[in-house]
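Reading the structure
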Amino acid sequence: MSFRDLHDRLTDHILYRVRNGEMSERGLARRAGISQPHLHNVLKKKRLFSLESADLLLRELDISLLDLLVRPEDLTYR
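The text that follows walks through the structure, step by step, so that each part is easy to find.

About the cut-offs
- Residue numbers run consecutively from 1 along every chain, following the written order of its sequence.
- In keeping with the model being predicted, local features are shown solely for residues with a pLDDT of at least 70 and side-chain atom pairs are shown and tallied solely at 80 or more, while totals for entire chains, interfaces and linings include all residues.
- Only hydrogens and water are set aside; all other atoms, that is, all heavy atoms of the structure, feed into the side-chain values.
- Elements are defined by DSSP. Helices are runs of H or I of four residues or more, strands are runs of E of two residues or more, and each kind is numbered from the N terminus.
- Relative accessible area decides the class of each residue, using a 1.4 Å probe on protein chains only: under 20% of the type maximum gives buried, over 50% gives exposed, and in between gives partly exposed.
- Using the Shrake-Rupley algorithm and a 1.4 Å probe, accessible areas are obtained, with residue cover drawn only from the displayed protein chains.
- Taking the helix axis as origin, the arc is that swept by the directions to the C-beta atoms.
- The term polar contact refers here to a pair of N or O atoms within 3.5 Å; inside protein, the definition further demands a hydrogen-donor-capable atom paired with an acceptor-capable atom, and it admits residues adjacent in sequence only when both atoms are side-chain atoms.

Each helix and strand in the chain was counted, giving four helices and zero strands. Tracing the chain from N to C terminus, the helices and strands come up as α-α-α-α. Counting over 78 residues, the chain shows a buried share of 36%. Accessible surface, the chain: about 5,100 Å² in total, of which carbon and sulfur atoms supply 51%.

The complete set of buried residues in helix α3 (residues 36–43) reads L39, V42 and L43. Taken end-on, α3 shows its buried residues confined to a sector of 95°, consistent with a single buried face. The N-terminus of α3 is capped by S35, whose side-chain oxygen sits 3.1 Å from the backbone nitrogen of H38. Immediately beyond the C-terminal end of α3, within one or two residues, lies K45, with a positive phi of roughly 65°.

The next point concerns unusual backbone geometry. Non-glycine residue K45 carries a positive phi angle of around 65°. Despite not being glycine, D62 has its phi angle at roughly 55°, a positive value. Within the secondary structure, D62 sits in the segment after α4 (51–61).

If you want it as structure tokens, here you go:
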């Protein structure tokens with residue numbers, strides 16, 4: 001597994017939660033302190049998160065790197 005794989009897993013995790021109505025892009029960006037347009041572009045696979053932004057999102061979502069080893073669609077309890 002590479003850092004890019006972890007980045008993609010974080011993006012997939014966020015997309016899963018947004019699509020299931022757990023949060024909005026705007027709300028998550030505001031809570032994490034990052035720009036909503038940047039978050040949107042990352043979720044559309046046009047840009048990448050910086051390490052700092054990824055850390056802010058992990059902290060805000062209360063997930064660890066170990067959680068990213070399981071794809072969100074594989075989770076039955078969320």
